[in-house]
Amino acid sequence: NFRHLVREEILPVSEAVLPFSTNAAEFYHLEGKGRLAEGYQADIICLDDDLNLAHSMIRGRTMFKNGRFTQRGTFSVE
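Note that the coordinates shown come from a computational prediction; the quantities given were computed from them, not determined experimentally.

## Some remarks on the pairing of strand β2 (residues 53–58)
- For strand β1 (residues 44–47) and β2, the ladder comprises 4 bridges, and the chain directions are antiparallel. Following the sheet pairing, isoleucine 45 is matched in β2 by serine 56.
- Where β1 folds back on β2, the antiparallel hairpin that results is connected by 5 residues, among which leucine 51 adopts a positive phi of roughly 65°.
- The loop that links β2 with its antiparallel partner strand β3 (residues 61–65) comprises 2 residues; one of these, arginine 59, has a positive phi angle of about 50°.

## Observations concerning the packing of aromatic side chains
- On inspection of all chains with the given rule, the structure shows 3 aromatic pairs.
- Centre to centre, the rings of phenylalanine 27 and tyrosine 28 are 4.9 Å apart; their planes meet at 85°, and the pair counts as edge-to-face.
- For tyrosine 28, a relative accessible area of 56% corresponds to the exposed category.
- Judged by centre distance (5.1 Å) and plane angle (75°), the ring pair of phenylalanine 64 and phenylalanine 69 falls under edge-to-face.
- Residue phenylalanine 64 is classed as buried on the basis of its relative accessible area, which comes to 10%.
- When its relative accessible area of 53% is taken as the criterion, phenylalanine 69 is described as exposed.

## Comments concerning the environment of glutamate 38
- Within the secondary structure layout, glutamate 38 lies in the loop between α3 (22–27) and β1.
- Spatially, the C-alpha atom of glutamate 38 lies 25 Å from that of proline 12, the residues being 26 residues apart in sequence.

## Comments concerning unusual backbone geometry
- Although it is not a glycine, glutamate 9 sits at a positive phi angle of roughly 55°.
- For glutamate 9, the location among the structural elements is in the loop between α1 (2–7) and α2 (13–16).
- Its relative accessible area of 70% is what places glutamate 9 among the exposed residues.
- Even without a glycine there, the phi angle at leucine 51 is positive, about 65°.
- Within the secondary structure layout, leucine 51 lies in the loop between β1 and β2.

## Observations concerning the pattern of salt bridges
- Tallied over the entire structure, the rule returns 2 salt bridges.
- Between arginine 35 and glutamate 26 there is a salt bridge; the shortest N-O distance is 2.7 Å.
- With relative accessibility at 39%, the residue arginine 35 sits in the partly exposed group.
- Measuring nitrogen to oxygen at the nearest pair gives 2.5 Å for the salt bridge that ties aspartate 43 to lysine 33. Residue aspartate 43 is found in the loop between α3 and β1, and its partner lysine 33 is found in the loop between α3 and β1; the two are separated by 10 residues along the sequence.
- A residue is classified by how much of its surface remains accessible, and aspartate 43, at 32% relative accessible area, is partly exposed.

What counts, and at which threshold
- Residues numbered from 1 in each chain as written.
- Predicted model: local features only at pLDDT ≥ 70, side-chain atom pairs only at ≥ 80, totals over all residues.
- Heavy atoms only, no water.
- Pairing = 2+ DSSP bridges.
- Helix = DSSP H or I, 4+ residues; strand = E, 2+ residues; numbered from the N terminus.
- Phe/Tyr/Trp six-rings, centres within 6.5 Å; stacked < 30°, edge-to-face > 60°.
- Buried < 20%, exposed > 50% of the residue type's maximum accessible area, 1.4 Å probe, protein only.
- Salt bridge = Lys/Arg side-chain N within 4 Å of Asp/Glu carboxyl O.

Functional significance is not addressed by these values, which are geometric in nature.
Take a look at the structure:
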């Protein structure tokens, strides 16, 4: 998993994240997902130093911040 790849220094974070983001979005043909770029949906997670979820944004909306959910809901690709 991601934490194992990073903690055991098998891959740097910049490479370890690919199977869980860009590569997965491409494999499943999820348009507008998997990259931070113009025209993409701004799905972002931020991890703390221990690789735990610190913040997340889905489609540009903050969903999780400082250990707490700020919104709840299901989001689909439009």
